[in-house]
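Observations on the model geometry
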Amino acid sequence: MSTLEKMKILTDSAQYDLCDYVSHHKSSQVNLPGIYEATGHNGCKIPLFKTLLTNKCKNDCKYCINQSKRNFTRLELSPEELAKAFLGYYGRGMVNGLFLSSGITGDVDETMEKQIETVHLLRNKYGYDDYIHLKVVPGASKDSIKRAMALANRVSINIEAATPSGLAELSSTKDYNKDILKRLSWINSLQHKSTTYPNSTHTTQLIVGANSESDKEILERMEKIYKKSELKRTYFSAFTPVEETEFSNKEACSTDRTAKLYNADSLLNDYHYNVKELVFDENDRLSLTQDPKILAAKNMDIFPVEINRAPLVELIRVPGIGVKSARKIISIRKKMPFTNIEQLKKLGVVVNRAEPYIKISGEFQTTFDL
Ligand code: SF4
């Protein structure tokens with residue numbers, strides 16, 4: 001089988017890993033196998049080459065296309081093959097970076113070594129100095145994680161579930177605390193110690209809807225992680241059944257659910273909400289139709305807040321006011337108090353959302369009931 005044919009299979013096997021992009025290059029328009037659009041800082045779409053080194057895997061994750069019990073074509077590329085294949089795309093301007101992951105064959109650290117060797121070849125043999133995101137495999141040694149972080153702009157480890165019992169529903173071969181959370185904590189402690197990429201960042205991913213975990217359990221886990229680490233962001237992958245897996249007949253998770261999890265996760269990570277401030281239904285699920293920030297606001301007794309006096313922590317709880325606009329409000333009101341809603345509109349406040357929750361110079365902005 002040619003390298004190109006192998007790549008088509010391996011890149012297809014990598015499609016369920018979600019990622020974004022943390023460099024500053026411009027987007028280009030390419031649509032070929034193995035090339036996936038990641039979202040950059042300013043929302044632009046950036047093509048990344050996303051692949052596995054191998055789709056052979058000893059683990060039995062019941063939702064996964066690559067799980068050990070599935071019968072399909074298994075193969076692997078050597079680090080040299082993969083490095084050259086990637087550079088073929090990169091050299092022609094088709095991609096702006098590499099997202100490298102791998103199934104786990106035999107020894108975990110052998111798998112890590114092959115990923116590290118691939119990145120090492122790119123950096124040191126071929127002089128490639130652009131974006132690399134390397135996926136750390138569960139159970140990887142601290143030394144291998146350290147070396148991966150010295151070579152990659154970003155690393156990530158998928159936590160997959162919110163609780164040990166939730167992971168046990170998905171896989172019998174991975175230990176949640178030891179193989180995953182412990183490694184996440186190592187990544188966090190090693191961050192910024194990389195000499196090559198001192199600003200390297202890390203992310204994680206969960207599968208939503210493949211086990212019985214509620215939105216509340218998922219968000220409680222993320223709250224704990226954000227409090228202890230500098231995790232950049234979390235990806236919520238909506239479970240999709242894959243043929244010939246134990247979960248092939250399970251219902252797919254709606255992307256409406258993951259969209260609300262993203263909204264609520266942003267409240268925890270960017271706005272420093274507590275899970276206790278969020279509103280869940282009787283099954284500990286978020287509303288699929290209403291904005292979690294508006295629902296949370298309806299439960300708070302701080303409103304209406306006075307725009308000319310409210311501290312940051314209250315301003316960012318107003319629906320329609322983001323962190324950036326709240327900071328601008330604080331900076332401007334030091335020089336001159338706000339007198340009308342149009343001034344807020346100019347700062348990017350979504351005024352029709354904010355009106356019921358604010359006063360400006362003592363004046364209510366709406367007659368609506370909260
Ligand atoms: S470890 Fe699990 S999720 Fe990762 S490739 Fe193997 S079977 Fe799939």
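For clarity, every value in this text was computed on a predicted model and none was experimentally measured.

**Concerning the site of the ligand**
Taken together, Cys-57, Asn-59, Cys-61, Tyr-63, Cys-64, Gln-67 and Lys-174 make up the full set of residues near the ligand. The residue inventory of the shell around the ligand, partitioned by class, reads four nonpolar, two polar and one charged.

**Thoughts on helix 8 (residues 255-269)**
Because an α-helix completes one turn every 3.6 residues, residues spaced three or four positions apart along the sequence face the same direction. Counted at 1.5 Å a residue, the expected span for helix 8 with its 15 residues is 21 Å, and the 20 Å between its end C-alpha atoms agrees. Turning to helix 8, its buried residues number three or more, namely Arg-257, Thr-258, Lys-260, Leu-261, Ala-264, Asp-265, Leu-267, Leu-268 and Asn-269. Of the surrounding secondary structure, the elements contacted by the buried residues of helix 8 are strand 6 (201-208), helix 7 (215-228), strand 7 (233-238) and helix 9 (292-298). With a side-chain oxygen lying 3.2 Å from the backbone nitrogen of Asp-256, the N-terminal cap of helix 8 falls on Ser-254.

**What about the sheet that holds strand 8 (residues 305-306)?**
In space, the three strands of this open sheet follow the order 8-9-10, with mixed pairing throughout. Edge positions in the open sheet fall to strand 8 and strand 10 (363-364), since each of these has one partner strand only.

**A short note on the pairing of strand 7**
Along any regular strand, the residues point their side chains to alternate faces of the sheet. Most of strand 7 is tucked away, with five of its six residues classed as buried. Taken together, strand 6, helix 7 and strand 7 form a β-α-β motif whose crossover is right-handed.

**Observations regarding the side chain of Thr-51**
When you line up the elements, Thr-51 lands in strand 2 (residues 45-52). Since its relative accessible area comes to 0%, Thr-51 is described here as buried. Other than its neighbours up to four places away in sequence, Thr-51 contacts Leu-10, Thr-11, Ala-14, Leu-82, Leu-98, Phe-99, Leu-100 and Ser-101.

**Brief notes about the packing of helix 3 (residues 108-125) against helix 4 (residues 142-151)**
How two helices sit against one another is set out by the angle between their axes and by the gap between those axes. For the pair helix 3 and helix 4, interaxial distance at closest approach is 10 Å and the crossing angle is 20°. The angle between helix 3 and helix 4 places the two elements in the roughly parallel class. For helix 3 against helix 4, the interelement crossing comes out left-handed. Residue-level contacts link Asp-109, Met-112, Glu-113, Ile-116, Val-119, His-120, Arg-123 and Asn-124 of helix 3 to Ser-144, Ile-145, Arg-147, Ala-148 and Leu-151 of helix 4. In the contact of helix 3 with helix 4, the residues fall into six nonpolar, three polar and four charged.

**A closer look at unusual backbone geometry**
Keep in mind that most residues, glycine aside, have a negative phi and that most peptide bonds are trans. Here the amide bond leading from Phe-303 into Pro-304 is cis, since omega sits at 0°, within 30 degrees of zero. With respect to the helices and strands, the residue Pro-304 is situated in the loop between helix 9 and strand 8. For Glu-244, which is not glycine, the phi torsion reads 65° and is therefore positive. Relative to the helices and strands, Glu-244 is located in the loop between strand 7 and helix 8. If you check the backbone angles, His-272 has positive phi at about 55° while not being a glycine.

**Quick notes on the pattern of salt bridges**
All chains considered together, the criterion is met by 13 salt bridges. Here Glu-113 ties to Arg-147 by a salt bridge, and the two come within 2.4 Å at their closest N and O atoms. Residue Glu-113 is located in helix 3, and its partner Arg-147 is located in helix 4; the two are separated by 34 residues in the primary sequence. Assessed through its relative accessible area of 31%, Glu-113 is described here as partly exposed. A salt bridge links Arg-147 to Asp-143; the shortest N-O distance between them is 3.1 Å. Taken together, the positions of Arg-147 and Asp-143, both in helix 4 and four residues apart, correspond to about one turn of that helix. Among the residues examined, Arg-147 registers a relative accessible area of 30% and is labelled partly exposed. A relative accessible area of 44% means that Asp-143 is categorised as partly exposed. Shared partners join several salt bridges into a network, and the residues in it are Lys-56, Glu-76 and Lys-114.

**What to know about the nonpolar core**
Across soluble globular proteins, you tend to see nonpolar side chains buried next to one another. Residues Ile-159, Leu-219, Met-222, Ile-307, Ile-329, Leu-344 and Ile-358 are the most contacted members of the largest nonpolar core, which totals 103 residues. Counting residues per element, this core draws most heavily on helix 6 (residues 176-190), at seven residues. In terms of domain composition, this core takes at least three residues from each of domain 1 (3-253) and domain 2 (300-364). Ile-159 has contacts with Leu-167, Tyr-176, Ile-180, Leu-181, Leu-184, Thr-204, Gln-205, Leu-206, Arg-221, Met-222 and Ile-225, leaving out every residue within four places of it along the chain.

About the criteria used
- Residues numbered from 1 in each chain as written.
- Predicted model: local features only at pLDDT ≥ 70, side-chain atom pairs only at ≥ 80, totals over all residues.
- Heavy atoms only, no water.
- Near = heavy atom within 4 Å.
- Nonpolar A, V, L, I, M, F, W, Y, C, P; charged D, E, K, R; others polar.
- Helix = DSSP H or I, 4+ residues; strand = E, 2+ residues; numbered from the N terminus.
- Expected span 1.5 Å × (residues − 1).
- Buried < 20%, exposed > 50% of the residue type's maximum accessible area, 1.4 Å probe, protein only.
- Contact = heavy atoms within 4.5 Å.
- Polar contact = N/O pair within 3.5 Å; in protein donor to acceptor, adjacent residues only side chain to side chain.
- Pairing = 2+ DSSP bridges.
- Right-handed = clockwise from strand over helix to strand, strands pointing away.
- Axes fitted to C-alpha atoms, helices over the stretch in contact; angles between N-to-C directions.
- Parallel < 35°, antiparallel > 145°, perpendicular 65-115°, else oblique.
- Left-handed = near helix turned anticlockwise from the far one by under 90°.
- Salt bridge = Lys/Arg side-chain N within 4 Å of Asp/Glu carboxyl O.
- Core = buried A, V, L, I, M, F, W, Y, C linked by side-chain atoms within 4.5 Å.
- Domains from an automatic or database assignment.

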